[in-house]
Amino acid sequence: MNIWLFKLFRVFLELPWKMCLLRFLAQARGTLGRHLAEASPAAWAAAAADPGRKLHLVMGNESCDLDSAVSALTLAFVYAQRHREHDYVPILNIPRRDYPLKTEVGHLFVKCGIAEPVLLFRDDLPGDVAQDVNVILVDHHVSPLAPQVTEVLDHRPLEESSPSFKQLPTGCELDIDATVGSCATLVAQRYLAEEQPRSKCVAKLLHATIVLDTINFAPAAKRFGPKDLAMVEQLERELNSQVDQRTSLFDELVAARADISKLTLTEVLRKDMKILQTDRQVVPLAGMPILVRDFVEKSGAEKAIREFGVESNLLVMLGMYVSPVDGQVQRDLALISLSGQSQVVERVRQALVESNDPKLELRPHEVDTRFMGGCFLRQHNVQATRKHILPIVKRALLEWEADHGCDCDEIYFFKEKPQLGLS
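Throughout, a residue's number is its position along its own chain's written sequence, starting from 1. In keeping with the model being predicted, local features are shown solely for residues with a pLDDT of at least 70 and side-chain atom pairs are shown and tallied solely at 80 or more, while totals for entire chains, interfaces and linings include all residues. As a rule here, side-chain values come from all non-hydrogen atoms in the structure, and water together with hydrogens is ignored.

Digging into the overall build of the protein chain
Then, number 1: Only DSSP runs of H or I reaching four residues or more are called helices, and only runs of E reaching two or more are called strands; each is numbered from the N terminus. Within the protein chain, the secondary structure is distributed over 13 helices and 11 strands.
Then, number 2: It only takes one pair of heavy atoms within 4.5 Å for two residues to be counted as in contact. Put simply, of all contacts in the protein chain between residues at least 6 apart along the chain, 67% involve residues at least 24 apart.
Then, number 3: Surface accessibility of the protein chain: about 20,400 Å² in total, with carbon and sulfur atoms responsible for 53%. Here, Shrake-Rupley sampling with a 1.4 Å probe gives the accessible areas, and only protein chains in the shown set may cover a residue.

Okay, structure coming up:
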């Protein structure tokens, strides 16, 4: 009997902490509604109930992985509690229909009592975001909303050459730290820097995300720095959690991320997708929780790839497999041109193979494949991630465009293909 009373007492203690975050999320839609005319998206600039209150949208990146989603939710909550004179609303930067693809996000959110209906997504915003709305970017620093960005928290290498990055306002506060393995670490720094607010749910979300992003601090992966470890240890003290509990938590999240049993193959490709864009090309990068070589052997893989890259000349597929036995990581990648532009594939392949910052250590698979005429490579430097690969691909494409000039006759590069008058 005493044990049950003790458990009940613990639930009672935890309930207000959890409900604080849940109440915030439940009220977010109403908060957003006060700053826009929901019945008429074109009237986004409608006056708020209190003209002095400013709306701040806290937005993750378009892949909406666990780091991006948790960073947006938790930072918005922390700022909303500390700066009550303004409104902060977290936005998951994907359409609502794609949320089921984010299996590890859904798993952790449900575990913390966060249901989908209280979340806000990209399609909950009107087409144009008014200039008097501030934007805070987490887990990315290049955005179409750049002129309205007031703060950036990111752990990716800077894309200073990006036109979008150059549009950031002069007073924009930048916290970009490539030495950390997780953007959630930068949010945790802010959360732990002051005594209030305190939320067990926020602590759990940040702790779990950092553990996953750092590959549970595996030395071989080298995905963490001293700051990641310091934040996790502080969160564990707040949660009264033990170090030896990290392994089971990591295994649980890896299994949730890799659970594609309810997804179609096209959805697997879209599950962790980023878009790389230049003036003349749009290239999708698919991050998958299985190796690319295993994916292409599945029935229907070619059809799924053609659906996924239907409007693109080149697509990049990045695969990762984490062994449930010993946590060893394997990575591979593929470059496929649906229009058969082998020269583009070769230019990007060469850039990736010759890269020294970082050196990817790319080599052909032991058994070659001719699948869709693509290029398939095993990545032996498993510490290099998409955030390292994406800039290499982009530079290669920009160099290709510069070499071929505007008179290039490969029409597939252009966002809008010429109308040839054919049925």
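Quick notes on unusual backbone geometry
What is expected of a backbone is that most residues other than glycine have negative phi and most peptide bonds are trans.
Then, number 1: Note the cis peptide between glutamine 196 and proline 197, where omega equals 0 degrees.
Then, number 2: Here proline 197 shows up in the loop between helix H5 (183-193) and helix H6 (200-213).
Then, number 3: Across the junction of aspartate 357 and proline 358, the peptide omega takes the value 0 degrees, indicating a cis bond.
Then, number 4: The residue proline 358 is located in the loop between helix H12 (342-354) and strand S10 (362-364) in this model.
Then, number 5: Look at isoleucine 215: it is not a glycine, yet its phi comes out positive at around 55 degrees.
Then, number 6: Inspection of the secondary structure assignment puts isoleucine 215 in the loop between H6 and helix H7 (226-239).

Re the packing of aromatic side chains
Aromatic rings considered in pairs are described by the distance between their centres and by the relative angle of their planes.
Then, number 1: Paired rings are identified among Phe, Tyr and Trp, the last through its six-membered ring, by centres lying within 6.5 Å, and are further divided according to the angle between planes into stacked (under 30 degrees), edge-to-face (over 60) and tilted (the rest). Applying the stated criterion to the full structure yields 5 aromatic pairs.
Then, number 2: Taken together, a centroid distance of 5.7 Å and an interplanar angle of 70 degrees make the contact between tyrosine 79 and tyrosine 88 edge-to-face.
Then, number 3: With centroids separated by 5.1 Å and ring planes inclined at 75 degrees, the aromatic side chains of phenylalanine 217 and phenylalanine 224 adopt a geometry described as edge-to-face.
Then, number 4: For every residue, the accessible area (1.4 Å probe, protein chains only) is compared with the maximum for its type, and the residue is labelled buried under 20%, exposed over 50%, or partly exposed between those bounds. Exposure remark for phenylalanine 217: the relative accessible area of 10% places this residue in the buried category.
Then, number 5: When the NZ atom of lysine or the CZ atom of arginine is within 6 Å of a ring's centre and also within 35 degrees of its normal, the charge is said to sit over that ring. Positioned above the aromatic ring of tyrosine 191 is the side chain of arginine 198, whose terminal nitrogen or guanidinium carbon lies 4.5 Å from the ring centre.

As for the nonpolar core
Then, number 1: Take the buried Ala, Val, Leu, Ile, Met, Phe, Trp, Tyr and Cys residues and link them wherever side-chain atoms come within 4.5 Å; each set so joined is a nonpolar core. The biggest cluster of nonpolar side chains holds 63 residues, and the ones touching the most others in it are Leu21, Phe109, Ile114, Leu205 and Leu206.
Then, number 2: Considering each element in turn, this core owes the most residues, 11 residues, to helix H2 (residues 66-82).
Then, number 3: Listed in part, the 24 residues of the second largest apolar core include Val316, Leu390, Ile392 and Leu397.

Focus: H5
Then, number 1: Most of H5 sits inside the fold, with 9 of its 11 residues counted as buried.
Then, number 2: Within the span of H5, buried status applies to Cys183, Ala184, Thr185, Leu186, Val187, Ala188, Arg190, Tyr191 and Leu192.
Then, number 3: On its buried face, H5 sits against H2, strand S3 (134-138), strand S4 (149-154), strand S5 (173-176), H6 and H7.
Then, number 4: Side-chain atoms alone can form a polar contact between residues adjacent in sequence; in general such a contact is a pair of N or O atoms within 3.5 Å, and within protein one must be able to donate a hydrogen while the other accepts it. Capping the start of H5 is the job of one residue whose side-chain oxygen sits 3.1 Å from the backbone nitrogen of alanine 184: serine 182.

Let's talk about the sheet that holds strand S6 (residues 272-277)
Strands pair in a sheet through their backbones, by hydrogen bonds, and they do so in one of two ways: parallel or antiparallel.
Then, number 1: Any two strands with at least two DSSP-identified bridges between them are counted as paired. In spatial order, the strands read S6-S7-S8-S9-S11-S10; together these 6 strands make up an open sheet with mixed pairing. Edge positions in the sheet fall to S6 and S10, since each of these pairs with one other strand and no more. Looking at each pair of strands side by side, their axes are set apart by 25 degrees on average, direction ignored.
Then, number 2: As paired strands, strand S9 (residues 329-337) and strand S11 (residues 375-379) are joined by 5 bridges and run antiparallel to one another. Bridge pairing in S11 links arginine 331 to glutamine 379.
Then, number 3: Contacting S6, strand S7 (282-288), strand S8 (314-322) and S9, helix H11 (residues 301-308) crosses the sheet at an angle of about 125 degrees to S8.
Then, number 4: Lines fitted to C-alpha atoms define the axes, with helix axes restricted to the stretch in contact, and inter-axis angles between N-to-C directions lie between 0 and 180 degrees. The sheet contacts of H12 involve S8, S9, S10 and S11, and relative to S9 the element is tilted by about 155 degrees.

All we've got here are geometric facts, nothing functional implied.
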